[in-house]
Amino acid sequence: MTASFNALEVTENPPGTFTRRIVRKTPADLPPGDVLIQVHFSSLNYKDALSAIGNKGVTRTYPHTPGIDAAGVVVEGKGADFSTGDPVLVTGYDLGMNTAGGFGQYIRVPASWVVRLPAGLSMEESMILGTAGFTAGLSVDKIVSHGIFPGQGKILVTGASGGVGSLAVAILSRLGHTVAAATGKVEEADFLKDHGASEILSREEVRDAPSKALLKERWAAVVDTVGGEHLAAALKTTAYRGAVTCCGNVASASLSLTVYPFILRGITLYGVDSANCPMEPRKSIWEKLAGPWKPAALSRIAREIPMDQLDSHIDRILEGKLKGRTLVRMKEGTA
Ligand SMILES: NC(=O)c1ccc[n+]([C@@H]2O[C@H](COP(=O)([O-])OP(=O)(O)OC[C@H]3O[C@@H](n4cnc5c(N)ncnc54)[C@H](OP(=O)(O)O)[C@@H]3O)[C@@H](O)[C@H]2O)c1
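To keep things clear, this report deals only with the structure shown in the data block.

Here is what the cut-offs are and how they apply
Residues numbered from 1 in each chain as written. Predicted model: local features only at pLDDT ≥ 70, side-chain atom pairs only at ≥ 80, totals over all residues. Heavy atoms only, no water. Helix = DSSP H or I, 4+ residues; strand = E, 2+ residues; numbered from the N terminus. Rg over C-alpha atoms; globule rule 2.2 N^0.38 Å. Buried < 20%, exposed > 50% of the residue type's maximum accessible area, 1.4 Å probe, protein only. Contact = heavy atoms within 4.5 Å. Lys, Arg positive; Asp, Glu negative; His and termini not counted. Charge placed at Lys NZ, Arg CZ, Asp CG, Glu CD. Patch = residues over 30% accessible without salt bridge, like charges linked within 9 Å, V, L, I, M, F, W, Y side chains within 5 Å. Areas by Shrake-Rupley, 256 points an atom, 1.4 Å probe, with all protein chains shown as cover. Salt bridge = Lys/Arg side-chain N within 4 Å of Asp/Glu carboxyl O. Axes fitted to C-alpha atoms, helices over the stretch in contact; angles between N-to-C directions. Parallel < 35°, antiparallel > 145°, perpendicular 65-115°, else oblique. Nonpolar A, V, L, I, M, F, W, Y, C, P; charged D, E, K, R; others polar. Pairing = 2+ DSSP bridges. Expected span 1.5 Å × (residues − 1). Arc of directions from axis to C-beta. Near = heavy atom within 4 Å. Polar contact = N/O pair within 3.5 Å; in protein donor to acceptor, adjacent residues only side chain to side chain. 1 Å grid on protein atoms, 1.4 Å probe; cavity = no way out; pocket = protein on both sides within 12 Å on 5 of 7 lines; lining within 4 Å. Sits in = over half its atoms within 2 Å of the grid points. Domains from an automatic or database assignment. Points joined across faces, edges and corners; volume = space filled by probe spheres on them.

Side note on the overall build of the protein
Move 1: Tallying secondary structure elements over the protein gives 8 helices and 15 strands in all.
Move 2: For 335 residues, the compact-globule formula gives about 20 Å, and the C-alpha radius of gyration of the protein, at 20 Å, lands near that figure.
Move 3: Taken along its principal axes, the extent of the C-alpha atoms in the protein is 60 × 45 × 35 Å.
Move 4: Put simply, the protein has 335 residues, and 54% of those count as buried.
Move 5: Long-range pairs, those at least 24 residues apart, make up 69% of the contacts in the protein with a sequence separation of at least 6.
Move 6: Counting 35 positive and 33 negative side-chain charges, the protein places the centres of these two groups 3 Å from one another.

Structure (structure tokens):
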């Protein structure tokens, strides 16, 4: 058991002003819980950045350690489910929101949040995927379960260079789908093609026409990660009986639309929530991500940073400047 460890801490002082720095903590500082985990890897998600800048919709009280993702090894486990040394991962639930998260070198959480690391994934790979990969997996699962099959038509992914977007491109391509990637970073075309996109579109090319209730049918399905007018346009351009998934709001949380995509084209809009996904479907998605859905070039989709670079990367993800995933090494010397 460790005496003390490093954690990124966000403090609010004076009210409304948030600063972040790495501090020393002890396990006694962690909340009560069944399982104490030494974190080997975490990852940076958009939601972590919101927590780090004081978004009270994500984190109500400070000081706080963000980090909605963690992979590591069980140090202490109450009950029979987990033993010392078991490799595990935790994503979502309240981790990093109002429970000290994966940007600390130790976390303590309820056993009901903990997933045994599936065979076929290293801890490092599980955090290259992280919440973004799990959310991409949930989105793809909706499309596959809807009955969309490879060859039926192109699948559009918006916010394609981001974490969820780039992993959705990679998973869909691995499954044999033809993927069109809409991005604000057309200069990253090679990165997106490397992960399986067959067509790169600028955001303008998939822009909405607010005055029109429907637009020309273009996609068998859409994975939308940005919301707002991109989601509206996705619903208006998806082909008859197609499916659109919605998980994010980086562009906007608003949706301005008529009912016509639903009542004239039979479009289905699937909401995707990763945080509170129940444990059985959660395990099933992780098994797929570790096996038949595992992106081919997982290591090339991420950059690895030490925890002292979290500060600058938090700013960059908020500016929409990061591509792919940011893996955070929390334990030095971890293979
Ligand atoms: N529902 C869930 O369970 C769940 C889980 C994970 C994430 N999310 C949400 O999904 C979204 C994506 O998360 P992420 O972790 O992938 O974030 P990310 O890595 O920051 O990626 C977001 C991408 O969206 C695009 N983008 C940024 N600002 C935009 C704007 N103003 N208009 C249009 N596109 C913009 C950019 O890609 P391009 O430059 O390529 O366009 C950016 O890289 C966030 O809203 C996040 O909160 C939800």
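Observations concerning a nonpolar patch on the surface
Move 1: On the surface, Leu 255, Val 259, Tyr 260, Phe 262, Ile 263, Leu 264 and Leu 269 cluster together to form a nonpolar patch covering roughly 620 Å² of accessible area.
Move 2: Of note, Phe 262 is situated in helix H6 (residues 260-265).

Notes on the packing of helix H2 (residues 123-146) against helix H7 (residues 279-290)
Move 1: Relative to each other, H2 and H7 sit at 110°, their axes nearing to 10 Å. The orientation of H2 with respect to H7, classified from their angle, is roughly perpendicular. Within the contact between the two elements, H2 uses Ser 126, Leu 129, Gly 130, Gly 133, Phe 134, Gly 137, Leu 138 and Asp 141 and H7 uses Arg 282, Ile 285, Trp 286, Lys 288 and Leu 289.
Move 2: A per-class count over the contact of H2 with H7 returns 6 nonpolar, 4 polar and 3 charged.

A short note on the sheet that holds strand E12 (residues 238-246)
Move 1: Pairing in this open sheet of 6 strands is parallel, and the strands run E10-E9-E8-E11-E12-E13 from one edge to the other. Looking at which strands have only one partner, the edges of the open sheet turn out to be strand E10 (197-202) and strand E13 (268-271). For this sheet, the mean inter-axis angle between neighbouring strands, taken without regard to orientation, is 20°.
Move 2: In this structure, strand E9 (residues 179-183) lies alongside E10, joined through 5 bridges in parallel fashion. Note that in E10 the partner of Thr 183 across the bridge is Ser 202.
Move 3: Each of strand E8 (155-157), strand E11 (219-224), E12 and E13 is contacted by H2, which is oriented at about 155° to E12, the strand it contacts most.

A word on the environment of Glu 332
Move 1: With respect to the element layout, Glu 332 can be found in the segment after strand E15 (325-329).
Move 2: Taking the relative accessible area as the measure of exposure, Glu 332 reaches 58% and is therefore exposed.
Move 3: Sequence-wise, Glu 332 and Phe 41 are 291 residues apart; in three dimensions their C-alpha atoms are separated by 9.7 Å.

Some words on H7
Move 1: If you check H7, its first and last C-alpha atoms are 16 Å apart, about what 12 residues at 1.5 Å a residue would give, namely 16 Å.
Move 2: Among the residues making up H7, those that are buried are Met 279, Arg 282, Ile 285, Trp 286, Leu 289 and Ala 290. Take H7 and look down its axis: the buried residues cluster within an arc of 135°, on one side only.

What to know about the site of the ligand
Move 1: Around the ligand, 26 residues are found, and the nearest of them are Ser 161, Gly 163, Val 164, Thr 183 and Ser 274.
Move 2: Separating an oxygen atom of the ligand from a side-chain N or O atom of Lys 185 is a distance of 2.9 Å.
Move 3: A distance of 2.7 Å separates an oxygen atom of the ligand from a polar atom in the side chain of Ser 274.
Move 4: When isolated, the ligand has an accessible area of 920 Å², and the protein chains bury 86% of it.
Move 5: The cavity that encloses the ligand is the largest pocket.
Move 6: Considered class by class, the residues forming the shell around the ligand number 10 nonpolar, 13 polar and 3 charged.
Move 7: Each of domain 1 (5-117 + 298-329) and domain 2 (130-271) contributes no fewer than three residues to the shell around the ligand.

Considerations on the layout of surface pockets
Move 1: Volume-wise, the largest pocket comes out at about 1,000 Å³.
Move 2: Residue lining of the largest pocket: 44 residues in total, with Tyr 46, Val 164, Thr 225, Gly 248 and Val 250 positioned closest to the centre.
Move 3: Taken together, the elements giving at least two residues each to the lining of the largest pocket come down to helix H1 (46-52), H2, helix H3 (163-174), E9, helix H8 (310-318) and E15.
Move 4: Each of two domains, domain 1 (5-117 + 298-329) and domain 2 (130-271), supplies a minimum of three residues to the lining of the largest pocket.
Move 5: Roughly 190 Å³ of volume is contained in the second largest pocket.
Move 6: In this structure, the second largest pocket is lined by 13 residues; those nearest its centre are Phe 82, Val 114, Val 115, Arg 116 and Lys 283.
Move 7: Elements that contribute at least two residues to the lining of the second largest pocket include exactly strand E7 (115-116) and H7.
Move 8: Residue contributions to the lining of the second largest pocket peak at 4 residues, all from H7.
Move 9: Split by residue class, the lining of the second largest pocket holds 8 nonpolar, 1 polar and 4 charged.

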